[in-house]
Amino acid sequence: MAASELVARLRRDGPHLSIGILTADLMLLGAELALLEHAGAEIVHTDVMDGVFCPGLTLGAPIVKAQRTTLLKDAHLMVMAPEDKVEAFVAAGADIIAIHPEGTRHPHRALQVLAKAVNANDPERGIIRGISINPGTPVEVITPLLDEVEFVQILAVNPGWGGQAFIASTETRLAHARELIAASGREILLGVDGGVTRANIAQIAGLGVDLIVTGSAVFDGKAAAENAAFMLDAVRTAAGRA
Ligand code: ZN
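Because the structure is a prediction, the values reported are computed rather than measured.

Q: Give a detailed account of the overall build of the protein chain, specifying residues and quantitative values.
A: Regarding its fold elements, the protein chain presents nine helices and eight strands. Whereas a compact globule of 242 residues would reach a radius of gyration of roughly 18 Å, the protein chain reaches 16 Å, a difference of no more than 12%. With the C-alpha coordinates aligned to their principal axes, the bounding extent of the protein chain is approximately 40 × 35 × 35 Å. Each of the 242 residues in the protein chain was classed as buried or not, and the buried ones make up 54%.

Q: Would you mind going over the pairing of strand 6 (residues 151–155) in detail, with residue names and values included?
A: Burial analysis of strand 6 places five of its five residues in the buried class, the great majority of the element. Side chains Phe 151, Gln 153 and Leu 155 project from strand 6 onto one buried face, and the interleaved Val 152 and Ile 154 project onto a second face that is buried too. Where strand 5 (residues 128–133) lies against strand 6, four bridges are found, and the strand directions are parallel. Bridged to Gly 130 within strand 6 is Phe 151. Taken together, the five bridges between strand 6 and strand 7 (residues 189–193) define a ladder with parallel strand orientation.

Q: Can you tell me about the pattern of salt bridges, naming the residues and giving the values?
A: Going through the model one piece at a time under the given rule, you end up with nine salt bridges. Between Asp 13 and Arg 9 there is a salt bridge, with the nearest N and O atoms lying 3.8 Å from each other. Between Arg 9 and Glu 42 there is a salt bridge, with the nearest N and O atoms lying 3.0 Å from each other. Taken together, the residues Arg 9 in helix 1 (residues 4–12) and Glu 42 in the loop between helix 2 (29–39) and strand 2 (43–49) connect sequence positions 33 residues apart. For Arg 9, a relative accessible area of 28% corresponds to the partly exposed category. Here the residues in one salt-bridge network are Arg 129, Glu 148, Glu 150 and Arg 186, joined through shared partners.

Q: I'd love a proper account of the sheet that holds strand 1 (residues 16–20), names of residues and values included.
A: Spatial ordering of the closed barrel is given by 1-2-3-4-5-6-7-8, a layout of eight strands whose pairing is parallel. Ignoring strand direction, the axes of neighbouring strands in this sheet form an average angle of 25°. Note: strand 1 against strand 8 (residues 211–214), four bridges, orientation parallel. Looking across to strand 8, one finds that Ile 19 is bridged to Thr 214.

Q: Break down the packing of helix 2 against helix 9 (residues 224–239) for me, with residues and values.
A: The axes of two packed helices give the description: the angle between them and the distance between them. The N-to-C vectors of helix 2 and helix 9 enclose an angle of 40°; their axes lie 9 Å apart at closest approach. The angle between helix 2 and helix 9 places the two elements in the oblique class. Remark: the crossing between helix 2 and helix 9 carries right-handed chirality. The residues of helix 9 that touch helix 2, namely those facing Leu 35, Leu 36 and Ala 39, are Ala 224, Ala 225, Ala 228, Leu 232 and Arg 236. For the contact of helix 2 with helix 9, the class distribution of residues is seven nonpolar, no polar and one charged.

Q: How would you explain the side chain of Glu 148 if you had to name every residue and give the values?
A: Tracing the chain through its elements places Glu 148 in the loop between strand 5 and strand 6. What Glu 148 contacts, discounting residues up to four positions off in sequence, is His 108, Leu 111, Gln 112, Ala 115, Arg 129 and Arg 186.

Q: Please provide a residue-by-residue account of the coordination of the zinc ion, values included.
A: Distances from the zinc ion to its protein donors, namely His 45 (NE2), Asp 47 (OD), His 76 (ND1) and Asp 193 (OD), fall within the range 2.0 to 2.2 Å. Around the zinc ion sit four donor atoms, and with donor-metal-donor angles ranging over 92 to 162° the site reads as irregular. Each donor residue of the zinc ion lies on the same chain, and together they follow the pattern H-x1-D-x28-H-x116-D. On the criterion of sequence distance, the pair formed by His 76 in strand 3 (residues 72–78) and Asp 193 in strand 7 is long-range, its members being 117 residues apart.

Q: Account for the environment of Arg 178, naming residues and giving values.
A: Mapped onto the secondary structure, Arg 178 falls in helix 6 (residues 170–184). On the accessibility criterion, Arg 178 (35% relative accessible area) is partly exposed. With 14 residues separating them in the primary sequence, Arg 178 and Val 192 have C-alpha atoms 12 Å apart. Residues in contact with Arg 178, not counting those within four places in the same chain, are Leu 190, Leu 207 and Gly 208.

Q: So what's going on with the nonpolar core? Residues and values would help.
A: Of all hydrophobic cores here, the largest spans 62 residues; its most connected members are Leu 36, Leu 77, Phe 89, Ile 97, Ile 142, Val 152 and Ile 212. Tallying contributions element by element places helix 9 first for this core, with six residues. Ignoring anything within four residues of it in the chain, the contact list for Leu 77 reads Val 48, Val 86, Phe 89, Ile 97, Ala 98, Ile 99 and His 100. Counting 12 residues, the second largest nonpolar core, distinct from the first, contains Leu 6, Leu 10, Ile 43 and Ile 96.

What counts, and where the lines are drawn
- Every chain begins its residue count from 1, and numbering advances along the sequence as written.
- A pLDDT threshold of at least 70 governs which residues receive local features in this predicted model, and a stricter bar of 80 or more applies before side-chain atom pairs are shown or counted, although totals over entire chains, interfaces and linings include all residues.
- The basis for every side-chain value is the complete set of heavy atoms in the structure, and neither hydrogens nor water enter the calculation.
- Starting at the N terminus, helices and strands are each numbered in turn, a helix being any DSSP run of H or I of at least four residues and a strand any DSSP run of E of at least two.
- Our radius of gyration is a C-alpha quantity, and the globule rule it is checked against amounts to 2.2 Å times the number of residues to the power 0.38.
- Note on classification: 1.4 Å probe, protein chains only; a residue is buried when its accessible area is under 20% of the maximum for its type, exposed when over 50%, partly exposed between these limits.
- Pairing between strands requires that DSSP locate at least two bridges from one strand to the other.
- Criterion for a salt bridge: a side-chain nitrogen of Lys or Arg within 4 Å of a carboxyl oxygen of Asp or Glu.
- Axis geometry follows a simple rule: fit a line to the C-alpha atoms, using only the stretch in contact for helices, then measure angles between N-to-C directions, giving values from 0 to 180 degrees.
- For this classification, under 35 degrees means roughly parallel, over 145 means roughly antiparallel, 65 to 115 means roughly perpendicular, and everything else is oblique.
- We call a crossing left-handed when the near helix sits turned anticlockwise from the far one by less than a right angle, and right-handed when that turn is clockwise.
- Contact definition: two residues touch when any of their heavy atoms are within 4.5 Å.
- Polarity classes work like this: nonpolar for Ala, Val, Leu, Ile, Met, Phe, Trp, Tyr, Cys and Pro, charged for Asp, Glu, Lys and Arg, and polar for all others, with Gly in that last group.
- Any N, O or S atom lying within 2.8 Å of the metal counts as a donor, and for Na, K and Ca the limit rises to 3.2 Å; water is left out, so some sites can look incomplete.
- Every geometry call rests on angle ranges, with four donors termed tetrahedral when all angles are between 85 and 135 degrees, four termed square planar and six termed octahedral when opposite donors are over 155 degrees apart and all others are between 65 and 115, and everything else termed irregular.
- Here, the term nonpolar core denotes a set of buried Ala, Val, Leu, Ile, Met, Phe, Trp, Tyr and Cys residues that are joined through side-chain atoms within 4.5 Å.

What follows is the structure in structure tokens.
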């Protein structure tokens, strides 16, 4: 089942925020998700790092499964050999699963595995299959994979640790990816992940992207509800939904 209806809707009324949960208080996961739901968020983002693909080591499919929420679950797999791991995230209820082509000789096969997957939350909804690329990876890498994805995500920082600044060349890379997506003629979401802050969210929301990942800008510090409202307002304003 393709996720075409959901993709079309997210493209039509974006940009949308996908909020990283790993900087939240994970001992209060339910309350932190409720905070996002009450703020009007739609998507929760989980950064999965295996300590091999990138220096960070985080959490895997169990933390996605533990998220009892009405939000769409977005799993960003910064792992080696994602073709062996995507099914665990499908079973955990991920709605969006992005793999890194740098982590496998077989990105196409990993995406084909996902094409057969059934969304555990709602079989009608489908799974949004994504590819995510590091700042040092040529954007053209996405071209042979565009027939097998509904989502392309450009990393604006190097994966593995927090607190990095948004890399300036990301803007050019997003424009290039947008051209390649347009040339494919397919309905594909464009996203950006990393270095998104209160200070630059309005500018990034104006870059013609559909999904914007933000994590620490919401959950670092004590004012998560206020931060979430601020970030969501910025994307709603850019989308004309304010
Ligand atoms: Zn991410």
